[in-house]
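Each chain is listed here by its residues.
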Amino acid sequence: MYPVPVAGVRELLVTSGSTMAAAEVARQMSEGARNLSLSGHVGFDSMPDQLVNKSVCQGFCFNILCVGETGLGKSTLMDTLFNTRFEGDPAVHNQPGVHIKSNNYELQESNVRLKLSIVNSMGFGDQINKEESYKSIVEFIDAQFEAYLQEELKIKRTLHNYHDSRIHVCLYFIAPTGHSLKSLDLVTMKKLDSKVNIIPIIAKADSISKNELQKFKIKIMSELVSNGVQIYQFPTDDETVAEINGTMNAHLPFAVVGSTEEIKIGNKMMKARQYPWGTVQVENENHCDFVKLREMLIRVNMEDLREQTHTRHYELYRRCKLEEMGFKDTDPDNKPFSLQETYEAKRNEFLGELQKKEEEMRQMFVMRVKEKESELKEAEKELHDKFDRLKKLHQDEKKKLEDKKKSLDDEINAFKQRKTAAELLQSQAQQSGSQQTLKREKERKNFF
């Protein structure tokens, strides 16, 4: 393979007419580069120092998500990890669902500043119906990815001072039952393993014996593997940390004990938990795995957790989102896509769908109007029929009343005629009676 001169890169890409990517050309250049020895000091060996100074000046951020049931000591473990007492409102666990609460802190150790975010899932596992307990957590993680993606897609970006709220690690607290993982634990970790680096830990490990604890660890790992749950594996590609990370991968999940109380043991003050039967030292590796967790999480692999979040989980979310928006890297002919063409095509597609929906809405509106008109016509017809029925009924009732009135008038006239005839007969009878009386009196007078 022949070296490609820097000045000939553009000419090679233009004149060859091939589809060779710029990365391939750069690879050929690097493989064909010649090693030269410098005759004196130049100064580019200070690049690592420049990067360190710049990073120290800007500070670092680290975001931890704590997931686990109520009462497993999540807040206590955070206080123990960072050797401080984080101030915050006490958690309320009487809510109907899972509530995500994020607290931001600024820590400084030597001259290094750390912006720490501790996200707690309050109420996780407290409900009777736990089917949707993981949804609030997944939605929160996606919301942080979406916020970063929106910042990335802006015309004027400010990523250099953007507060990165993406979750870098999820500490999943497992109850020390000693038997097996709960269905809620398996379902939640399965939903989260493609979105965040999961480190499972057994909380309050001092509540079970060492033999039970070892069997519990083996049981947990076998269940995670059989259910296809991908937890975070400490990287072994870096030679400087390959040995310790490989050893620590075999200790997962870590069995930890947290405590901020210091007890005098011998001549030293140590963080420990005092029990009637003895003392559990937090930083004693014979008692628990707290030191291993702190070493792996903070002192050795913090930067790898941040890098894995960006290069693996965020890139997966970004790729899915951009594919949903219609963006692709290459077309069927393996030619790179133009952002403008993709945007125009997506815009035309959106306008076409909008016009289609508008036409569907117009047709639906016309159909609804016709249906309403038919309903109104039907109602109007029913009203007319009802009016005709009532009118006919009224006419029949009126005719009946008129006939009844006529019959009553006839009865009244007949009654008056009978009354007149009766009065006439009565007067005639009275007259005839008075005449007979006068005749009898006259005859009596003539008799005497």
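Residues numbered from 1 in each chain as written. Predicted model: local features only at pLDDT ≥ 70, side-chain atom pairs only at ≥ 80, totals over all residues. Heavy atoms only, no water.

Trainee: Looking at this model, I keep getting lost on the pairing of strand S2 (residues 99-109). Mind explaining?
Mentor: Across a regular strand the side chains alternate sides, sitting on one face of the sheet and then on the other. Pairing between S2 and strand S3 (residues 112-122): eleven bridges, direction antiparallel. Bridging from a neighbouring strand, Ile100 pairs with Ser121 of S3. What sits between the antiparallel neighbours S2 and S3 is a turn of two residues, in which Ser110 has the positive phi angle 60°. (Pairing = 2+ DSSP bridges. Helix = DSSP H or I, 4+ residues; strand = E, 2+ residues; numbered from the N terminus.)

Trainee: What is the right way to read helix H10 (residues 302-324) from this model?
Mentor: Note on helix geometry: an α-helix contains 3.6 residues per turn, so any two residues three or four positions apart are oriented the same way. Helix length check: H10 (23 residues) gives 32 Å between terminal C-alpha atoms against 33 Å at 1.5 Å per residue, within 8%. When the local axis directions of H10 are compared, the greatest deviation, roughly 35°, occurs at Tyr314. Among all positions of H10, only Met302, Asp304, Leu305, Thr309, His313, Tyr314, Tyr317 and Leu322 are buried. Looking at the buried positions of H10, the neighbouring elements they touch are strand S1 (60-67), S3, helix H5 (135-152), strand S4 (169-174) and helix H9 (290-300). At the C-terminal side of H10, Gly326 shows a positive phi close to 95°. (Expected span 1.5 Å × (residues − 1). Bend = angle between axes of the 7 residues up to and from the residue. Buried < 20%, exposed > 50% of the residue type's maximum accessible area, 1.4 Å probe, protein only. Contact = heavy atoms within 4.5 Å.)

Trainee: Explain the sheet that holds strand S6 (residues 254-255) here, please?
Mentor: Each strand in a sheet pairs with another by means of backbone hydrogen bonds, the pair being arranged parallel or else antiparallel. Sheet architecture is open: six strands sit in the order S2-S3-S1-S4-S5-S6, paired in mixed fashion. Two strands lie at the open edges of the sheet, namely S2 and S6, each paired on one side alone. For S1 and S4, the ladder comprises four bridges, and the chain directions are parallel. Residue pairing for S4: Leu65 is matched across the bridge by Cys170.

Trainee: In this structure, what is going on with a negative patch on the surface? I would like to understand it.
Mentor: Taken together, the side chains of Asp237, Asp238, Glu239 and Glu307 present a region of like negative charge at the surface. Its location among the elements puts Glu239 in helix H8 (residues 239-249). (Patch = residues over 30% accessible without salt bridge, like charges linked within 9 Å, V, L, I, M, F, W, Y side chains within 5 Å. Areas by Shrake-Rupley, 256 points an atom, 1.4 Å probe, with all protein chains shown as cover. Salt bridge = Lys/Arg side-chain N within 4 Å of Asp/Glu carboxyl O. Lys, Arg positive; Asp, Glu negative; His and termini not counted. Charge placed at Lys NZ, Arg CZ, Asp CG, Glu CD.)

Trainee: Can you walk me through the side chain of Lys195 in this structure?
Mentor: By the element assignment, Lys195 lies in the loop between helix H6 (183-192) and strand S5 (198-202). Non-local contacts of Lys195, meaning those with residues more than four positions away in its chain, are made with Val138, Ile141, Asp142, Phe145 and His313.

Trainee: Before we go on, may I ask you to explain the sheet that holds strand S8 (residues 268-275) in this structure?
Mentor: The antiparallel open sheet is built from three strands, whose spatial order is S7-S8-S9. Each edge of the open sheet carries a strand with a single partner, namely strand S7 (262-265) and strand S9 (278-281). In this sheet, neighbouring strand axes are inclined to one another by 65° on average, regardless of whether the strands run parallel or antiparallel. Bridge analysis of S8 against S9 gives four bridges, and the strand direction is antiparallel. Considered in S9, the bridge of Tyr275 is made with Gly278. (Axes fitted to C-alpha atoms, helices over the stretch in contact; angles between N-to-C directions.)

Trainee: Whenever I open this one, the environment of Thr84 confuses me. Can you help?
Mentor: Here Thr84 is to be found in the loop between helix H4 (74-81) and S2. With a relative accessible area of 31%, Thr84 lands in the partly exposed category. Between the C-alpha atom of Thr84 and that of Thr260, which follows or precedes it by 176 residues, the distance is 8.0 Å.

Trainee: Teacher, can you tell me more about the pairing of S3 here?
Mentor: Most of S3 sits inside the fold, with eight of its eleven residues counted as buried. In terms of strand pairing, S1 meets S3 through seven bridges, oriented parallel. Each bridged residue has a counterpart across the sheet, and for Ile64 the counterpart in S3 is Ile118.

Trainee: Any chance you could explain the packing of H5 against H10 here in plain terms?
Mentor: Packed helix pairs are characterised by how far apart their axes lie and by the angle those axes make with each other. Between H5 and H10, the shortest axis-to-axis distance is 10 Å and the interhelical angle comes to 75°. Judged on the interaxial angle alone, H10 and H5 are roughly perpendicular. In this structure, H5 contributes Asp142, Phe145, Glu146, Tyr148, Leu149 and Glu152 to the contact, and H10 contributes Thr309, His310, His313, Tyr314, Tyr317, Arg318 and Lys321. When its residues are assigned to classes, the contact of H5 with H10 shows five nonpolar, three polar and five charged. (Parallel < 35°, antiparallel > 145°, perpendicular 65-115°, else oblique. Nonpolar A, V, L, I, M, F, W, Y, C, P; charged D, E, K, R; others polar.)

Trainee: Quick question: what am I supposed to make of the packing of aromatic side chains here?
Mentor: Each aromatic ring pair is described using two quantities: the centre-to-centre distance and the angle formed by the ring planes. In total, this model carries ten aromatic pairs according to the counting rule given. Centre to centre, the rings of Tyr232 and Phe234 are 5.6 Å apart; their planes meet at 85°, and the pair counts as edge-to-face. Geometrically, the ring pair formed by Phe234 and Phe254 is stacked, given 6.1 Å between the ring centres and 25° between the ring planes. Of this pair, Phe234 sits in the loop between helix H7 (210-226) and H8 while Phe254 sits in strand S6, and the two are 20 residues apart along the sequence. Accessibility classification places Phe234 together with Phe254 in one group, the buried group. (Phe/Tyr/Trp six-rings, centres within 6.5 Å; stacked < 30°, edge-to-face > 60°.)

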